Amino acid sequence: MEQTVREAVADAVGEGLQRLVLSNAPKASELSKVKIYPVTAGGRQCYQIEEYRGTQVFHRNCGEEEVEQKVIEWLEDGCFKQAELTSVFHQRTILFGKKGNATVRCRRRQDSPSIVIPREHNRKKKYLLEEGIPVPFLVDLGVMTKEGMVLKAKYDKFRQINRFLEFVEDILPALPRERELQILDFGCGKSYLTFALYHYLHTIKNYSIRIVGLDLKKDVIAHCSRLAASYGYDKLEFLCGDIAAYTKATAVDMVVTLHACDTATDYALYKALCWGASVVLSVPCCQHEWNRQMECEALAPFLKYGIIKERMSALMTDAFRANVMEACGYKTQLLEFVDMEHTPKNILLRAVKKETIEQSALPARVKEGTEGILKYCGTKPALYRLLTEKE
């Protein structure tokens, strides 16, 4: 079964982690390797972490949950390109490619016990939206029964919703708590994730929030509006309209754009930069513009194959947008995200604001950070034009 990085780490720890090695760190990294194994300290079982820094090795003990969280953080932040996880029953390997994509391999150990012995470490995956606890919008959208049981045919969708909320949970420290948060969801569609975001932040985390979901389909917006009213989500509003033409907001804390087609994602990112949003979460849908424009003599032997050109264009578009966000003062990550429609477009751009830059300085910074690759590929994407060219 194909696993994500988070699932592989959680499963390895859950079935009894015996040894974990993180290696292949970037050359400039102070931390070169990490080893983790179980120990007994003060009469209780815990884990010892060995951190290799230069010529020194540092040791510390911690619990199961901290180990899982720390390993996932190291891997998702790009601190290591390889992980070897040995648990009671399985040997797992996680490898990261040059473009940051992760490959997870899992095989059963030949020397593993043939009979599964129940242990405290064998635990079910804990989701932010838990099974067995009914969530109204998941019931109405056909993911859960009225008793809170997840329907077998919808379990992938349930897991994907929780995956998205894990990304949100990671960025909570970047959002203020002392006032009402303004959140915009562009291209919200059927709004599985919009409702999940509102429920998680408002109902579970007790944030004061106001969310606007925007989409072009009038019937979908009408349906989502009726659902929001029935749940008493009085600060969740759905509007019909185009991303590029949206002008009602003057300040926004968080911008979400999931499956916005082609240049609609560029307009959403541009709006987020103009508002100085603290957090941006973006999963693109189709990405045609770079494909239409790209002309590169050096890559011509590759680009003559349509499917190769399409996939290269999609990856280059993701990387370009990430570099633009970094140039504009954001810590930006490209993370694996299995999207709601099961398409190959499964990269999530997560950007957290780290530096406030004057709007007047953005064009020069964007040009400095991206003009070389744009000239090489013969492209001028919408996000570049929006930020560097006068109206």
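Since we're looking at a predicted model, the values are computed, not measured.

Cut-offs applied
- Residues numbered from 1 in each chain as written.
- Predicted model: local features only at pLDDT ≥ 70, side-chain atom pairs only at ≥ 80, totals over all residues.
- Heavy atoms only, no water.
- Phe/Tyr/Trp six-rings, centres within 6.5 Å; stacked < 30°, edge-to-face > 60°.
- Lys NZ or Arg CZ within 6 Å of the ring centre and 35° of its normal.
- Helix = DSSP H or I, 4+ residues; strand = E, 2+ residues; numbered from the N terminus.
- Contact = heavy atoms within 4.5 Å.
- pLDDT = per-residue confidence, 0-100.
- Patch = residues over 30% accessible without salt bridge, like charges linked within 9 Å, V, L, I, M, F, W, Y side chains within 5 Å.
- Areas by Shrake-Rupley, 256 points an atom, 1.4 Å probe, with all protein chains shown as cover.
- Salt bridge = Lys/Arg side-chain N within 4 Å of Asp/Glu carboxyl O.
- Buried < 20%, exposed > 50% of the residue type's maximum accessible area, 1.4 Å probe, protein only.
- Pairing = 2+ DSSP bridges.
- Lys, Arg positive; Asp, Glu negative; His and termini not counted.
- Axes fitted to C-alpha atoms, helices over the stretch in contact; angles between N-to-C directions.

Engineer: What am I meant to see in the packing of aromatic side chains here?
Structural biologist: The geometry of two aromatic rings is summed up by the distance between their centres and the angle between their planes. Following the criterion strictly, the structure yields 13 aromatic pairs and no others. An aromatic cluster of at least three residues, connected via ring pairs, comprises Phe137, Phe195, Tyr198, Tyr231, Tyr233 and Phe238. Looking at lysine 157, its charged tip hangs above the ring of tyrosine 192, at a distance of 4.5 Å from the centre. Note that arginine 177 overlies the ring of tyrosine 207, its terminal NZ or CZ placed 3.8 Å from the centroid.

Engineer: Can you walk me through the side chain of threonine 379 in this structure?
Structural biologist: Turning to its location among the elements, threonine 379 is positioned in the loop between α11 (362-377) and α12 (382-388). Excluding anything up to four places from it in sequence, threonine 379 contacts Trp290, Gln293, Met294 and Leu374.

Engineer: Explanation requested: the confidence of the model for the protein in the structure shown.
Structural biologist: Detail in the predicted coordinates should be disregarded across regions flagged by low pLDDT. Per-residue confidence for the protein gives a mean pLDDT of 86, with 92% of residues at or over 70. Counting interchain partners and residues more than four positions distant, the pLDDT-below-50 stretch residues 114-123 has 22 contacts. Every residue in residues 339-343 is under pLDDT 50, and counting partners more than four places away or in other chains gives 12 contacts.

Engineer: Would you take a moment to explain a nonpolar patch on the surface for this structure?
Structural biologist: Among the surface-exposed residues, Phe302, Tyr305, Ile307 and Ile308 lie close enough to one another that they form a single nonpolar patch of about 410 Å² accessible area. Position of isoleucine 307 among the secondary structure elements: in helix α10 (residues 306-327).

Engineer: Hey, could you run me through the pairing of strand β12 (residues 279-284) in this one?
Structural biologist: Consecutive residues of a regular strand have side chains that alternate between opposite faces of the sheet. Judged by how many residues are buried, β12 sits mostly within the fold: 6 of 6 residues are covered. Of the two faces of β12, the one carrying Val279, Leu281 and Val283 and the one carrying Val280, Ser282 and Pro284 are both buried. Relative to β12, strand β11 (residues 254-260) is paired through 6 bridges, and the arrangement is parallel. In the sheet register, leucine 258 faces β12, and the bridge partner there is valine 283.

Engineer: Would you explain the side chain of lysine 309 in this entry?
Structural biologist: Structurally, the position occupied by lysine 309 is in helix α10. Lacking a salt bridge, the buried lysine 309 has glutamate 295 as its closest oppositely charged neighbour, with an N-O distance of 7.0 Å. Apart from the residues lying within four places of it in its own chain, the contact partners of lysine 309 are Asn291, Met294 and Leu303.

Engineer: Hey, could you run me through the environment of glutamine 56 in this one?
Structural biologist: One can find glutamine 56 in strand β4 (residues 56-62). Note on glutamine 56: relative accessible area 49%, which makes it partly exposed. Separated by 80 residues in sequence, glutamine 56 and proline 136 place their C-alpha atoms 53 Å apart.

Engineer: Help me understand the sheet that holds strand β14 (residues 347-353) in this model?
Structural biologist: The strands making up a sheet are joined through hydrogen bonds of the backbone, oriented either antiparallel or parallel. With mixed pairing, the 7 strands of this open sheet are ordered in space as β10-β9-β8-β11-β12-β14-β13. Each end of this open sheet is capped by a strand with a single partner; those strands are β10 (236-240) and β13 (330-336). The average undirected angle you get between the axes of adjacent strands in this sheet is 15°. Sheet topology note: the strand β9 (residues 209-215)/β10 ladder contains 5 bridges and is parallel. Residue pairing in the sheet places aspartate 215 in a bridge with cysteine 240 of β10.

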